[in-house]
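One-letter residues, chain by chain:
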Amino acid sequence: MAIAFRNIEKHYAVYARPQDRLREWVTGRQRHSVHVALDGINFEVRPGETFGLIGENGAGKSTLLKIAAGTIRPTRGEVTRQGRVAALLELGAGFHPEESGQDNIRFMAALHGLEGGALEDFAARATEFSELSAETLQRPVKTYSSGMFMRLAFAAATAIEPELLIVDEALSVGDLHFQKKSLNRILELRERGATVLFCSHNLYQVRSLCQRAAWIHGGRVQAIGATEDVVTAYEAHERRRYAHLRTDTPAGEVATPQAAAAASAYASVPVKIMRVGIETADGINPAQVDSFQDLTLEIEVESYGEAPFHVGFAIVRPDKDNVFGSSTQFLPSRPPMQGVGVHCLRVRFPRLPLLSGEYLWSVYTLDDSGLQVLDMAELVQPFTVLNQKHREFGLVWLEHEWLQLQ
Amino acid sequence: MGLSGSDLTASQRVPSGRAQHAWVLWRYWMLREFKTRYAGSVLGLAWAVVQPLASLAIFYVLFGMVLAVRVPGLDLANGYLLHLLAGLAVWLPFTDAIGRGVGSLAAYEDFLRKQPMPAEILPAVAVGGSLLVMAIGYALLLVLSLAQGAPLRASWAWLPLLVLAQVVLTFGLTLFLSMAHFLWRDVGSFVTFALQLWFYLTPVVYPLAQVPERFHTWYLLNPVACLVLAVEWAVLGIAMPGGTLWALLAWVLVLGCGGVWFFRSMKAALGEAL
């Protein structure tokens, strides 16, 4: 066990006015209402495991992480930790703007109680990871750009070489290069046996990073177990929540790939999706496909840098259920794509085994680790599949045979 | 776990490791406090000397020369200056620690929510930061006393105890006020005003002998006055009201224990916010 939660309950005392707390303290009579943030949290994270926490905003994830990190104590129950803990709840919270980068690193070391040789090692690791020049590190932190600040903060936060790393959405900050670097750092710590407790809204990241996950709902563990099961259950819940929003979106009004790509494209997107199209063998109307017809997906992306990247796609039903998805990173022998300029990819589906229904495409570009989404065009290029020649029903054609039993 | 430095982990788990941790952090924070306090100023750390000297000069000119206050029972050339210095050696570090300490928890509210650390460090740093002023004050007092021909008294041996008393008393009060301010932000505004009043209720710029005799025991209700009277007695041999040292001991216990108790009982509020 790296960290264990035993019957954790957390109540917050909510005072309507500050003087109520004073009166309560003086008179001893309760003058606050109780907000139950967590109730009966009971699970443990095994050593070396990467564990994901998912759930809606306000479900209690952050409270649980704070209890894990030790900044707040549970009202009831206990939490046991083993090993050095680094908590990435907020980066750079303790930095002093007047102090140099170097001194702030040392301050973080002191927060962990390090001195002497251990402090020097810590400073050396943080300096190396931050990629900031010696000259920059001599300057006060207030002169740093936000990107430099985040780099330094992340470097100082993980330089303790934690055995237990607690991460709260800290990755969604900074530029892409930095996000990627910090993700790699987390992966590296994981390789070396560190336990990671990870909270994110990015279900893609949770899926790719975590072995197990827990879905926190209304302060309780709604589901816990293998990541795929938990995330799927959570997605189903989300779909039910948003069901009313979706029914009135006819396929024809779904954004065109260009518009969708442009909408999600930031100025800093290094690999942009330029075009998504489909082509059938007869080439007549690609939005109308027959079952068992040959179909080709065409993806055009433009890379603005030399960084290697991957391209992924998914066939999606209008209710966002994935029918099938794949990515160039799943190809074992193939290196990532690379090079400035336009890249054109084609994916051929011989005898497309989809049965009647409405389908859409989602296309992603990813960094070379396959974890960081660079650009996406979701639910684009709707097409209809008609199953005119067969009477079988359902989503896809499954190979089968009827066996005659005597 | 197969990671380098896991021996350190083991030491962190035992209670003595916790105290060691706090001690390392406190020392580093002190260093940072002194480095950043005067950052960007030309005189830098010299301000730590200039500020008390300036206060001393102002009060000396105003009360010692213009109003010509004299200290009965102190037969030295610059008796009033020494009396004033003894008072300021106690008062300046006290007000410095309280002034910085009151807002210390509130200023790091966000940090305390995000970073596990012993919160007592913050008031302790405020008190630690006042030690420099204190050292300068006492050094000036002792050197000037000798220079003015004051005899080296046996009662000087009390000084370390009195300094310790001041540190404990100030720390206790800072613990209390910083937490109270964190919970009720009125406290900060109140303290600013109260410190001004407190200064004139403490015999710093005037000798107690100038106050009608029947009020003297009232001064024992003021912990800082007890300290000032004790220091004046120890260094300059000025008589103090009977029971001053006992009153001081009581104040040290009340404020020291009370501050720790209040801080502990309210500590749970620190990391929480809705």
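These remarks concern the structure in this document. None of the values given here were measured: they were computed from a predicted structure. (Residues numbered from 1 in each chain as written. Chains lettered and ligands numbered in written order. Predicted model: local features only at pLDDT ≥ 70, side-chain atom pairs only at ≥ 80, totals over all residues. Heavy atoms only, no water.)

### Regarding the overall build of chain B
Counting its secondary structure elements, chain B contains 11 helices and 0 strands. Secondary structure elements of chain B occur, N-terminal to C-terminal, as α-α-α-α-α-α-α-α-α-α-α. Against the compact-globule benchmark of 19 Å for 274 residues, chain B has a radius of gyration of 21 Å, which places it among compact chains. With respect to the three principal axes, the spread of C-alpha positions in chain B is 70 × 40 × 35 Å. (Helix = DSSP H or I, 4+ residues; strand = E, 2+ residues; numbered from the N terminus. Rg over C-alpha atoms; globule rule 2.2 N^0.38 Å.)

### Considerations on the state of the cysteines
Using the criterion set out here, one finds 0 disulfides over all chains in the structure. Between B:Cys257, a cysteine without a disulfide, and B:Cys226, which holds the nearest cysteine sulfur, the sulfur-to-sulfur distance is 17 Å. (Disulfide = S-S within 2.5 Å.)

### Section: the interface of chain A and chain B
Taken together, the contact between chain A and chain B spans 41 residues of the former and 38 residues of the latter. When the two sides are added together, the surface that chain A and chain B hide from each other amounts to roughly 3,700 Å², 62% of it contributed by carbon and sulfur. Between the two partners, chain A and chain B, sit 4 salt bridges. With its nearest N and O atoms 3.8 Å apart, the salt bridge here joins A:Glu99 to B:Arg32. (Contact = heavy atoms within 4.5 Å. Buried area = accessible area lost by both parts, 1.4 Å probe. Salt bridge = Lys/Arg side-chain N within 4 Å of Asp/Glu carboxyl O.)

### A closer look at the packing of helix 4 (residues 79-102) of chain B against helix 9 (residues 186-200) of chain B
All names here are of chain B. As a packed pair, helix 4 and helix 9 sit with axes 10 Å apart at the nearest point and diverge in direction by 170 degrees. Considering the angle they form, helix 4 stands roughly antiparallel to helix 9. Residue-level contacts link Leu 88, Trp 91, Phe 94, Thr 95, Ile 98 and Val 102 of helix 4 to Gly 188, Val 191, Leu 195, Trp 198 and Phe 199 of helix 9. The residue makeup of the contact of helix 4 with helix 9, split by class, is 9 nonpolar, 2 polar and no charged. (Axes fitted to C-alpha atoms, helices over the stretch in contact; angles between N-to-C directions. Parallel < 35°, antiparallel > 145°, perpendicular 65-115°, else oblique. Nonpolar A, V, L, I, M, F, W, Y, C, P; charged D, E, K, R; others polar.)

### Some points on the sheet that holds strand 13 (residues 309-316) of chain A
Residue and element names in this part refer to chain A. Across the sheet, 5 strands lie side by side as 11-17-16-13-14; this open sheet has mixed pairing. Both outer strands of the open sheet, strand 11 (288-290) and strand 14 (322-327), are each paired with one neighbouring strand and no more. Looking at each pair of strands side by side, their axes are set apart by 30 degrees on average, direction ignored. Here 5 bridges tie strand 13 to strand 14, and the two strands are oriented antiparallel to one another. In the strand pairing of strand 14, Ile 315 is matched with Phe 324. (Pairing = 2+ DSSP bridges.)

### As for the sheet that holds strand 2 (residues 33-45) of chain A
All names here are of chain A. Spatially, 3 strands are ordered 2-1-4 in an open sheet, and the strand pairing comes out antiparallel. For this open sheet the edge positions go to strand 2 and strand 4 (76-81), each flanked by a neighbour on one side alone. Strand after strand, the sheet turns through a mean of 25 degrees between neighbouring axes, direction not considered. With 9 bridges connecting them, strand 1 (residues 3-14) and strand 2 associate as antiparallel partners. Each bridged residue has a counterpart across the sheet, and for Val 14 the counterpart in strand 2 is Ser 33.

### A closer look at the nonpolar core
In terms of nonpolar packing, the biggest core is built from 133 residues, with B:Trp29, B:Leu105 and B:Met117 touching the most fellow members. For this core, the leading source of residues is helix 4 of chain B, giving 14 residues. Sequence-distant contacts of B:Leu105, defined by excluding residues within four places in its chain, comprise B:Leu112, B:Ala119, B:Leu122, B:Pro123, B:Ser178, B:Met179, B:Phe182, B:Phe263 and B:Leu270. In this structure, A:Ile8, A:Leu38, A:Phe51 and A:Ala69 belong to the second largest nonpolar core, which totals 27 residues. (Core = buried A, V, L, I, M, F, W, Y, C linked by side-chain atoms within 4.5 Å. Buried < 20%, exposed > 50% of the residue type's maximum accessible area, 1.4 Å probe, protein only.)

### Quick notes on unusual backbone geometry
Leaving glycine out, the prevailing phi sign among residues is negative, and the prevailing peptide bond configuration is trans. Of note, A:Glu131 is a non-glycine position whose phi angle comes to about 60 degrees, a positive value. Turning to its location among the elements, A:Glu131 is positioned in the loop between helix 4 (117-130) and helix 5 (134-138).

### Regarding empty space enclosed by the protein
Residue and element names in this part refer to chain B. Taken as a whole and assessed by the stated rule, the structure comprises 3 cavities of 30 Å³ or more. Estimated volume of the largest cavity: approximately 70 Å³. Around the largest cavity, the lining residues are Pro 52, Leu 56, Leu 85, Leu 88, Ala 89, Leu 92, Pro 93, Val 133, Gly 137 and Leu 140. Looking at the lining of the largest cavity, the elements with two or more residues in it are helix 3 (47-66), helix 4 and helix 7 (121-147). The greatest single-element share of the lining of the largest cavity, amounting to 5 residues, is contributed by helix 4. Across the lining of the largest cavity, the residue classes tally to 9 nonpolar, 1 polar and no charged. (1 Å grid on protein atoms, 1.4 Å probe; cavity = no way out; pocket = protein on both sides within 12 Å on 5 of 7 lines; lining within 4 Å. Points joined across faces, edges and corners; volume = space filled by probe spheres on them.)

### Some thoughts on the packing of aromatic side chains
As enumerated under the stated definition, the model contains 31 aromatic pairs over all chains in all. Ring centres 5.5 Å apart and planes at 70 degrees place the aromatic pair A:Phe95 and A:Phe149 in the edge-to-face group. Here A:Phe95, found in the loop between strand 5 (85-88) and helix 3 (101-111), pairs with A:Phe149, found in helix 6 (residues 146-158); they are 54 residues apart in sequence, far enough to count as distant. Using a relative accessible area of 10% as the deciding quantity, one classes A:Phe95 as buried. The structure contains a cluster of three or more aromatic residues connected by ring pairs, namely B:Phe59, B:Phe63, B:Trp91, B:Phe94, B:Trp198, B:Phe199 and B:Tyr200. A cation over an aromatic ring shows up here: A:Arg185 above the ring of A:Phe129, its NZ or CZ 5.9 Å from the ring centre. (Phe/Tyr/Trp six-rings, centres within 6.5 Å; stacked < 30°, edge-to-face > 60°. Lys NZ or Arg CZ within 6 Å of the ring centre and 35° of its normal.)

### What about a nonpolar patch on the surface?
On the surface, A:Leu22, A:Trp25, A:Val26, B:Phe176 and B:Trp261 cluster together into a nonpolar patch covering about 500 Å² of accessible area. Tracing the chain through its elements places B:Trp261 in helix 11 (residues 244-266). (Patch = residues over 30% accessible without salt bridge, like charges linked within 9 Å, V, L, I, M, F, W, Y side chains within 5 Å. Areas by Shrake-Rupley, 256 points an atom, 1.4 Å probe, with all protein chains shown as cover.)

### Thoughts on the pairing of strand 17 (residues 373-386) of chain A
Residue and element names in this part refer to chain A. Bridge count between strand 11 and strand 17: 3 bridges; the pairing is parallel. What sits directly across from Gln 288, in strand 17, is Thr 384. Two successive antiparallel strands, strand 16 (residues 357-367) and strand 17, enclose a turn made up of 5 residues, where Gly 370 displays a positive phi of approximately 75 degrees.

### Concerning the side chain of A:Thr158
Tracing the backbone through its elements, the reader meets A:Thr158 in helix 6. Sequence-distant contacts of A:Thr158, defined by excluding residues within four places in its chain, comprise A:Leu88, A:Leu165, A:Arg185 and A:Leu189.

### Describing the pattern of salt bridges
All names here are of chain A. Applying the stated criterion to the full structure yields 35 salt bridges over all chains. Glu 49 is the partner of Arg 46 in a salt bridge, and the nearest nitrogen-oxygen pair spans 3.5 Å. The exposure class of Arg 46 is partly exposed, given its relative accessible area of 46%. Between Glu 135 and Arg 139 there is a salt bridge whose closest N-O contact spans 3.8 Å. One network of salt bridges, in which partners are shared, links Arg 125, Glu 161, Arg 185, Glu 188 and Arg 192.

Everything listed here is a matter of geometry and, on its own, says nothing about what the molecule does.
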